[in-house]
Amino acid sequence: DKGGKHPVEEDTLYKMSLENREGGNKLIQSGDYESAVARYSELIMQTRALEKETDVEWTDHGRDLVRQLRAVAYLNLSLCFLKTKQWTHAINTATRAIQGDKDPADPKDDVLPKEKKAKALFRRAQAHREGSSDLDKANQDLRQALDMTPEDKNLQQELRRVERDLSQAQKAADKKMTGFLSSGKRVEAGEGIFTEDLRPDPSSLKAPELKEPVKLSEGLYLAPKDKREEVAQEAADSGDGPAIDYEDLGREIAEMKEEKPELFKQVQARVKELVEENVAAVEAQTGEEAPAENTPEFPAAAPA
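Residues numbered from 1 in each chain as written. Predicted model: local features only at pLDDT ≥ 70, side-chain atom pairs only at ≥ 80, totals over all residues. Heavy atoms only, no water.

1. Considerations on the overall build of the chain
Each helix and strand in the chain was counted, giving ten helices and two strands. A total of about 20,000 Å² of accessible surface is found on the chain, and carbon and sulfur atoms cover 50% of it. (Helix = DSSP H or I, 4+ residues; strand = E, 2+ residues; numbered from the N terminus. Areas by Shrake-Rupley, 256 points an atom, 1.4 Å probe, with all protein chains shown as cover.)

2. Notes on unusual backbone geometry
Aspartate 103 connects to proline 104 through a cis peptide bond whose omega is 0°. Within the secondary structure, proline 104 sits in the loop between helix 4 (87-99) and helix 5 (114-131). The phi dihedral of lysine 85 is positive, around 60°, even though this residue is not glycine. Residue placement: lysine 85 occurs in the loop between helix 3 (60-83) and helix 4. In this structure lysine 85 comes out as exposed when scored by relative accessible area, which is 56%. Even without glycine at this site, serine 133 takes up a positive phi of about 55°. Take serine 133: it is sitting in the loop between helix 5 and helix 6 (135-148). When its relative accessible area of 55% is taken as the criterion, serine 133 is described as exposed. (Buried < 20%, exposed > 50% of the residue type's maximum accessible area, 1.4 Å probe, protein only.)

3. Here's the deal with a negative patch on the surface
Negative charge collects at one region of the surface, where Glu252, Glu255, Glu258 and Glu259 lie side by side. By secondary structure assignment, the location of glutamate 259 is in helix 9 (residues 246-259). A relative accessible area of 61% means that glutamate 259 is categorised as exposed. (Patch = residues over 30% accessible without salt bridge, like charges linked within 9 Å, V, L, I, M, F, W, Y side chains within 5 Å. Salt bridge = Lys/Arg side-chain N within 4 Å of Asp/Glu carboxyl O. Lys, Arg positive; Asp, Glu negative; His and termini not counted. Charge placed at Lys NZ, Arg CZ, Asp CG, Glu CD.)

4. Overview of the nonpolar core
The biggest cluster of nonpolar side chains holds 46 residues, and the ones touching the most others in it are Val8, Tyr14, Tyr40, Leu50, Leu77 and Leu142. Of all the elements in the fold, those that place two or more residues in this core are helix 1 (12-29), helix 2 (33-50), helix 3, helix 4, helix 5, helix 6 and helix 7 (153-188). Sort the elements by how many residues they give to this core and helix 3 lands first, with 13 residues. Tyrosine 14 has contacts with Val8, Glu9, Leu50, Leu65, Val66 and Leu69, leaving out every residue within four places of it along the chain. (Core = buried A, V, L, I, M, F, W, Y, C linked by side-chain atoms within 4.5 Å. Contact = heavy atoms within 4.5 Å.)

5. Some words on the packing of aromatic side chains
Two aromatic rings, taken as a pair, are described by how far apart their centres are and by the angle between their planes. Within this structure, the stated rule accounts for zero aromatic pairs. Arginine 63 extends its terminal NZ or CZ atom over the ring of tryptophan 58, reaching a point 4.3 Å from the ring centre. (Phe/Tyr/Trp six-rings, centres within 6.5 Å; stacked < 30°, edge-to-face > 60°. Lys NZ or Arg CZ within 6 Å of the ring centre and 35° of its normal.)

6. Remarks on the pattern of salt bridges
Two side chains bearing opposite charge may form a pair once their charged atoms approach each other closely. All chains considered together, the criterion is met by 14 salt bridges. The partner of glutamate 163 in a salt bridge is arginine 143, and the shortest N-O contact between them spans 2.5 Å. One end of the pair, glutamate 163, is in helix 7; the other, arginine 143, is in helix 6, with 20 residues separating them in the sequence. Of the residues examined, arginine 143 reaches a relative accessible area of 42% and is grouped as partly exposed. The network of salt bridges with common partners includes Asp64, Arg67, Lys102 and Asp109.

Have a look at this one:
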């Protein structure tokens with residue numbers, strides 16, 4: 001304004017802000033939330049520009065009027081964003097209604113009366129619950145709002161709903177944990193964690209039948225059960241390796257599997273690799289395909 005110093009209520013920007021507030025309120029009543037967002041957003045920009053005016057006779061009361069006008073615009077924006085399911089915007093505008101839009105927050109922007117502040121907390125709680133399922137934050141906001149307006153029936157009902165959802169979520173988490181711990185105990189007992197339809201067919205885990213001895217390396221052979229002693233004796237007689245005590249070997253394998261599982265896996269993998277190499281060599285020599293449907297394992301370990 002060019003007419004010299006004047007109260008904020010007489011400033012053109014302040015009057016335009018009031019018009020936008022009334023227009024936004026009417027649009028909310030008619031359900032036109034997107035148009036209402038535009039009116040309230042324009043109001044907020046007008047109040048920011050108004051605070052920079054130098055021809056206004058600024059008083060504490062005048063500045064509070066502008067802050068309250070902006071805070072109520074944010075409060076109404078939170079309603080619009082709830083109605084249009086824009087949850088993040090609903091949370092942000094409800095927060096700005098409570099503490100203002102400065103970062104860090106300016107305590108002077110905390111101007112809403114407790115009834116409207118409780119409404120902002122209520123709307124923020126709804127956005128937390130419906131938008132992000134953050135029940136803990138919703139519960140916190142609702143309890144804070146009820147401290148301000150303990151007789152509010154809507155707040156009481158929403159808090160009961162959130163507490164019920166929290167209880168159900170906790171029960172589901174407890175059930176899941178119980179199932180996990182139960183599975184762990186079954187594994188320790190040797191039962192495994194798979195259902196019967198997922199368990200492998202035991203017949204598919206059997207080692208292939210060896211018809212002739214296979215030399216894996218110096219002093220190490222795989223042989224059919226009925227020829228093990230013969231192969232061991234031949235190795236001892238030829239100086240190619242010591243005679244093998246299969247009971248001792250089985251016991252050592254069992255101890256390795258129990259005490260040094262990583263080493264056991266390495267040895268098992270190496271044995272498998274050597275067997276596959278020898279099988280390939282046999283196939284190359286004979287032209288016949290060796291059985292390959294099963295994976296060879298160690299000889300059965302003797303009971304400890």
